[in-house]
Every structure is written in C-alpha cells, then in structure tokens.
Amino acid sequence: MPESADPIAVLSVSAPRRYFAAGVQAALGLVLILVAAQLPAPTPIGVFVLLIFGGLALWASITMFRATQRAIILSRDALIDSEGEVIALLTDISSVDSGFFAFKPSNGFLLRLSAPAPRRWVPGVWWRMGTRVGIGGATNGKAARDMANIITILLQDPGAGLPPAQDRPPQ
C-alpha cells in the first residue's frame, strides 16, 4: 500500500448505473436461455451453445454487480481501488490517453505504464493488461475525465499546486 492514502479524487459507480449494467447483462442471459428452451429446438449443439452463453451472461451480470461496488481512489502516490488493491503507482504511469480513438473503456481513460503489470479485470470499473490500464466502463464519464486530467497534471508537476496532505481540510 502506498504511503499517502489521502484521496485527491474518487471515481465510483452510482447505484442506478450498477443496476442498469447488471440488469442488461442478466436480460441477455435470460433471452439466450429462453431461446434455447423454445420449441422446436434448432439443433442439440445449438441449444447447448445458447445455454452455455446464457449461463455465462448471467454469471457475468452477478460478477459485474459485485465488482461495481468498488471505487477508484487517486492519491499522491497511486491509483488504488476501495478494496486496497493497487491499480498503478503514479511513478509507473508514463501517459494518460482519453482521446476519442483510444482503446479505452466507455466513460473512461487509458493509462500507459512504464513496465508491464499482472493482468487483472474488475468488470465495469477497471482492467490491466501488460502496460495498459483501462479505467471506466460503468463509471460517470465526467468524473472519469476529471480524474484523467488530475493524473495528467500530477504527472507533469507532482506538486501541482496541491497543498501538502496534512494542510488540506478533510473531505
């Protein structure tokens, strides 16, 4: 865990977004299972494939609903989630990309790291693959852009006009 865990910005998923994202995923799973149950059955292999994908979609909806309880916390030292997992240290971030053509999550941004990190995926919140970290998905787009801008400022100037952590009023 980084030394300074004093939050500069917090990115979380609102309850309506959580329910909507998980609900759409669950609806897909239910539709696939209902199509497989309809008579006449297309083929036994087709029914099996539809049931498998329907079950995977239901599993993904439960996983996403649980994962979107997490928030992303930006401190002076690192980007961590509310479970305490370090997403990326600020010293390891080489650039921030929130452009239109960036390979990033919707309503989010992409971080490029200086060294590869272990793969990790928290559906609807963040993912990490090699030297890329995607932040966003079910998050609020404006809050994600604000966090991306703050990270860009901190990378350019680590002091960035922010008062020392002990001088800032509690949030």
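Scroll up to find the structure this text is about.
Residues numbered from 1 in each chain as written. Predicted model: local features only at pLDDT ≥ 70, side-chain atom pairs only at ≥ 80, totals over all residues. Heavy atoms only, no water.

Some points on the packing of aromatic side chains
If you walk through the whole model with that rule in mind, you get 1 aromatic pair. A centroid spacing of 5.2 Å and a plane angle of 50° characterise the contact between Tyr19 and Phe65, whose relative ring orientation is tilted. Of this pair, Tyr19 sits in helix H1 (residues 15–37) while Phe65 is found in helix H2 (residues 44–67), placing the two residues 46 residues apart along the sequence. A relative accessible area of 54% places Tyr19 in the exposed class. (Phe/Tyr/Trp six-rings, centres within 6.5 Å; stacked < 30°, edge-to-face > 60°. Helix = DSSP H or I, 4+ residues; strand = E, 2+ residues; numbered from the N terminus. Buried < 20%, exposed > 50% of the residue type's maximum accessible area, 1.4 Å probe, protein only.)

Considerations on the environment of Ala15
Here Ala15 lies in helix H1. For Ala15, a relative accessible area of 40% translates into the label partly exposed. Placed 54 residues apart in sequence, Ala15 and Gln69 show a C-alpha to C-alpha distance of 8.7 Å.

Looking at the pattern of salt bridges
One pass over the full model with this rule turns up 5 salt bridges. A salt bridge links Asp97 to Arg112; its shortest N-O distance comes to 3.6 Å. Taken as a pair, Asp97 in strand E5 (residues 93–97) and Arg112 in strand E6 (residues 109–122) lie far apart in primary sequence, 15 residues in all. (Salt bridge = Lys/Arg side-chain N within 4 Å of Asp/Glu carboxyl O.)

Points about the nonpolar core
Of all hydrophobic cores here, the largest spans 26 residues; its most connected members are Ile72, Leu74, Leu79, Ile135 and Met147. Contributing elements (two or more residues each) for this core: strand E1 (9–11), strand E2 (72–74), strand E4 (86–89), E6, strand E7 (126–135) and helix H3 (141–156). It is H3 that contributes the most residues to this core, 5 residues altogether. What Leu79 contacts, discounting residues up to four positions off in sequence, is Ile72, Ile73, Leu74, Glu85, Val86, Ile87, Ala88, Leu90, Leu111, Ile135, Met147 and Ile151. (Core = buried A, V, L, I, M, F, W, Y, C linked by side-chain atoms within 4.5 Å. Contact = heavy atoms within 4.5 Å.)

Nothing here speaks to function; it is geometry throughout.
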